[in-house]
Amino acid sequence: MALCGRGWARCARGLRLGPSAQPGPCGTRGLRGSNPFTRQQEEEWRRRNRSAVGYIAAAAVGMVGLSYAAVPLYRLYCQATGLGGTTGAGGGAERIERMEPVRDRLIRVTFNADTHASIQWNFKPQQSEIYVVPGETALAFYKAKNPTDKPIIGISTYNVVPFEAGQYFNKIQCFCFEEQRLNPQEEVDMPVFFYIDPEFAEDPKMAKVDLITLSYTFFEAKEGQKLPLPGYQ
């Protein structure tokens, strides 16, 4: 009693805090700092926070890496799947030499050119259309000009319509997915060497397709550029 004096009531209330509480002579001062369970929880929280910070930092580094890899990964994926009318790779020279043209299947190929609002280029096809047959190579040209007084680097995507024909439209050479630098007032011709796979003529879904449109869109090349999916701009 002498220890608490008139604070006996406060001491008594402190004794009712439970078995884990160890009140001092005159109450429960210092209870939170001396509780071992509380200290363990705080250490666990600190450990989890450190882990969370590490995960966030790793994710940020990964996103930077993916932004640099976006264009080549995008190109490989779209060419492999024909997604959204993306054309396929042209194949080897031996395969091209062995192709047999399907003479009784004439196809009209038209050409389209667009520029995104981010790039100040003049871009257009040099021919409106050509006629080809499956298994026959063809050459077309686009023209690009930088009318400004500063160098501009562009990069293009492409697709074909109808989308289902993309898997049969094969490029041997083109300017897509490669950065193109044009100096002030510079104008260049951009060739597209392609063929339509002979298997096009054997696909029942292509039976009524006699018109294919090849379309290119140029964007200004910027770090971390995310190109839109072909056919879904």
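Here the structure is a predicted model, which means the values were calculated and not measured.

## Brief notes about the overall build of the chain
Within the chain one finds 4 helices and 10 strands. Across the chain, helices and strands are ordered from the amino to the carboxyl terminus as α-α-α-β-α-β-β-β-β-β-β-β-β-β. For the chain, the proportion of its 233 residues judged to be buried stands at 34%. For the chain, restricting intrachain contacts to residue pairs at least 6 apart in sequence, the fraction spanning at least 24 positions comes to 74%. As presented, the chain carries roughly 14,500 Å² of accessible surface, and 54% of it is formed by carbon and sulfur atoms.

## A word on the pattern of salt bridges
Throughout the structure, instances matching the rule amount to 5 salt bridges. Where arginine 98 meets glutamate 94, a salt bridge forms, and the shortest distance between an N and an O atom there is 3.1 Å. Of this pair, arginine 98 and glutamate 94 both sit in helix 4 (residues 93-98), 4 residues apart, roughly one helical turn. Taken as a pair, arginine 98 and glutamate 94 share a single burial class, namely exposed. Among the ionic pairs, arginine 95 bridges to aspartate 197, the shortest N-O distance being 2.2 Å. Taken together, the residues span a long stretch of sequence, with arginine 95 in helix 4 and aspartate 197 in the loop between strand 9 (187-196) and strand 10 (211-220) at a distance of 102 residues.

## Describing the pairing of strand 9
Bridge count for strand 5 (residues 137-145) against strand 9 is 9 bridges, and the pairing is antiparallel. The residue bridging alanine 144 from the neighbouring strand is valine 188, located in strand 9. Strand direction decides the pairing type here: strand 7 (residues 169-173) and strand 9, joined by 4 bridges, are antiparallel. Pairing of asparagine 170 across the sheet is with tyrosine 195, part of strand 9.

## Focus: the packing of aromatic side chains
With the rule as written, the count across this model stands at 13 aromatic pairs. Note on tyrosine 158 and tyrosine 216: the rings are 5.8 Å apart at their centroids and 40 degrees apart in plane angle, and the pair reads as tilted. Of the two residues, tyrosine 158 is situated in strand 6 (residues 152-161) and tyrosine 216 in strand 10; the sequence distance between them amounts to 58 residues. Neither residue differs from the other here; tyrosine 158 and tyrosine 216 are each classed as buried. Look at tyrosine 168 and phenylalanine 200: their rings are 5.8 Å apart centre to centre, the planes differ by 85 degrees, and that puts the pair in the edge-to-face class. Of this pair, tyrosine 168 sits in the loop between strand 6 and strand 7 while phenylalanine 200 sits in the loop between strand 9 and strand 10, and the two are 32 residues apart along the sequence. The pair formed by tyrosine 168 and phenylalanine 200 is uniform in burial state, with each residue classed as buried. Joined through ring pairs, the aromatic side chains of Phe111, Trp121, Phe123, Tyr142, Tyr158, Phe169, Phe175, Phe194, Tyr216 and Phe218 make up one cluster.

## What about the side chain of aspartate 203?
Within the secondary structure layout, aspartate 203 lies in the loop between strand 9 and strand 10. Although buried, aspartate 203 forms no salt bridge, and the nearest oppositely charged side chain, lysine 205, lies 4.7 Å from it. Within the local environment of aspartate 203, its side chain forms a polar contact with the side chain of tyrosine 168, the two groups lying 2.6 Å apart.

## Quick word on the confidence of the model for the chain
Per-residue pLDDT for the chain has a mean of 74; in total, 56% of the residues score no lower than 70. Segment residues 1-34 is flagged for pLDDT under 50; beyond a separation of four residues in sequence, or across chains, it makes 19 contacts in the model. A low-confidence stretch, residues 60-86 stays under pLDDT 50, and its non-local contacts, those more than four residues away or across chains, total 41 contacts.

## Describing the sheet that holds strand 8 (residues 180-182)
Pairing is mixed across the open sheet formed by 5 strands, whose spatial order is 4-2-10-6-8. Edge positions in the sheet fall to strand 4 (129-132) and strand 8, since each has one partner strand and no second. Pairs of neighbouring strands in the sheet enclose a mean axial angle of 30 degrees, with direction left out of account. Here strand 6 runs beside strand 8; their pairing, made up of 3 bridges, is antiparallel. Within strand 8, the position partnered with glycine 154 by the bridge is glutamine 180.

## With respect to the environment of tyrosine 131
Within the secondary structure, tyrosine 131 sits in strand 4. Through-space distance from the C-alpha of tyrosine 131 to that of arginine 108 is 4.6 Å; in sequence the pair is 23 residues apart. Ignoring sequence-local partners within four residues, the contact set of tyrosine 131 consists of Leu106, Ile107 and Arg108.

Conventions we followed
- Residues numbered from 1 in each chain as written.
- Predicted model: local features only at pLDDT ≥ 70, side-chain atom pairs only at ≥ 80, totals over all residues.
- Heavy atoms only, no water.
- Helix = DSSP H or I, 4+ residues; strand = E, 2+ residues; numbered from the N terminus.
- Buried < 20%, exposed > 50% of the residue type's maximum accessible area, 1.4 Å probe, protein only.
- Contact = heavy atoms within 4.5 Å.
- Areas by Shrake-Rupley, 256 points an atom, 1.4 Å probe, with all protein chains shown as cover.
- Salt bridge = Lys/Arg side-chain N within 4 Å of Asp/Glu carboxyl O.
- Pairing = 2+ DSSP bridges.
- Phe/Tyr/Trp six-rings, centres within 6.5 Å; stacked < 30°, edge-to-face > 60°.
- Lys, Arg positive; Asp, Glu negative; His and termini not counted.
- Polar contact = N/O pair within 3.5 Å; in protein donor to acceptor, adjacent residues only side chain to side chain.
- pLDDT = per-residue confidence, 0-100.
- Axes fitted to C-alpha atoms, helices over the stretch in contact; angles between N-to-C directions.

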